[in-house]
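Geometric and topological summary
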Amino acid sequence: FRVLLGTSSYLIDANSLSPGISGAYSLSTAIIAADVSGCEEVWVTPGISTTQAIAASDCVDASGPFYHDEYLLRIRSGQSLTVSQSSPGFDPFMLLVRLDDQAVVATAGGTGTDASFTYTNPGAATYYAIVAATNLPSKTGAYTLSIQ
């Protein structure tokens, strides 16, 4: 999987999926292009600002169709983050979805070229998806996503 990392120090902790299982493994890292394409799984950390593009080949909600990119992250208990999306070519729209129950816990967007929200996790640490989308059907184009 891919991870877009903010500037910080990180510890990689390797473990087996099943308890009590051990053995040899291989771990590698590489610096690669930050472009998110298709509907791929991309993890992020706070402290990033990335320029991306929404395309007709990305994730899609067929009701529009509304094209979007998804970014996964873990938010600790009590942790606050501010997420911003801006685009010169479309009105951005964002959702923050808690993955364990699919609850939408924050939204931003409407009209204009910028959208942002601030969210503080009131419960236990858990996983979320940031859905970076367009506000109008069939729109595509470049955008910048920042997570602080």
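What comes next is a walk through the structure. This one's a predicted model, so the numbers in the text were calculated from it and none came from an experiment.

**Quick look at the overall build of the protein**
If you tally the helices and strands in the protein, you get 0 helices and 11 strands. Starting at the N terminus and ending at the C terminus, the protein contains elements arranged as β-β-β-β-β-β-β-β-β-β-β. Since a compact globule built from 148 residues should have a radius of gyration of about 15 Å, the 16 Å found for the protein is in line with a globular shape. For the protein, the C-alpha atoms occupy an extent of roughly 50 × 35 × 30 Å along the three principal directions. Residues counted as buried form 32% of the 148 residues belonging to the protein. Taking all contacts inside the protein whose residues are at least 6 apart in sequence as the whole, residues at least 24 apart take part in 71%. Treating the 5 positive side-chain charges of the protein as one cloud and the 12 negative ones as another, the clouds have centres 6 Å apart.

**Some points on the pairing of strand β10 (residues 126-134)**
The element β10 is largely enclosed, with a buried count of 8 among its 9 residues. Direction of pairing for strand β7 (residues 92-98) relative to β10: antiparallel, over a ladder of 7 bridges. Paired with M94 across the bridge in β10 is A132.

**A word on the sheet that holds strand β6 (residues 80-86)**
What the 4 strands build is an open sheet, ordered β3-β11-β6-β9; its pairing is antiparallel. Since the sheet does not close on itself, it has two edges, and those belong to β3 (48-54) and β9 (114-120), each with one partner. Pairwise comparison of adjacent strand axes, ignoring direction, gives a mean angle of 15 degrees for this sheet. Where β3 and strand β11 (residues 141-147) come together, 7 bridges link them in antiparallel fashion. Paired with I48 across the strands is I147, a residue of β11.

**Concerning unusual backbone geometry**
Omega for the peptide link from G64 to P65 comes to -5 degrees, which places this bond in the cis form. Within the element layout of this structure, P65 appears in the loop between β4 (59-61) and β5 (66-75). Even without being glycine, Q102 reaches a positive phi, approximately 60 degrees. Residue placement: Q102 occurs in the loop between β7 and β8 (103-109). We note that S138 has phi near 65 degrees; this positive angle belongs to a residue other than glycine. Mapped onto the secondary structure, S138 falls in the loop between β10 and β11.

**What about the packing of aromatic side chains?**
A complete count under the given rule lists 3 aromatic pairs for this structure. Pairing F90 with Y143 gives two aromatic rings, centres 6.4 Å apart and planes at 65 degrees, and the pair type is edge-to-face. Linking F90 in the loop between β6 and β7 with Y143 in strand β11, this pair joins segments that are 53 residues apart in sequence.

Each value, and the rule that gives it
- Residues numbered from 1 in each chain as written.
- Predicted model: local features only at pLDDT ≥ 70, side-chain atom pairs only at ≥ 80, totals over all residues.
- Heavy atoms only, no water.
- Helix = DSSP H or I, 4+ residues; strand = E, 2+ residues; numbered from the N terminus.
- Rg over C-alpha atoms; globule rule 2.2 N^0.38 Å.
- Buried < 20%, exposed > 50% of the residue type's maximum accessible area, 1.4 Å probe, protein only.
- Contact = heavy atoms within 4.5 Å.
- Lys, Arg positive; Asp, Glu negative; His and termini not counted.
- Charge placed at Lys NZ, Arg CZ, Asp CG, Glu CD.
- Pairing = 2+ DSSP bridges.
- Axes fitted to C-alpha atoms, helices over the stretch in contact; angles between N-to-C directions.
- Phe/Tyr/Trp six-rings, centres within 6.5 Å; stacked < 30°, edge-to-face > 60°.

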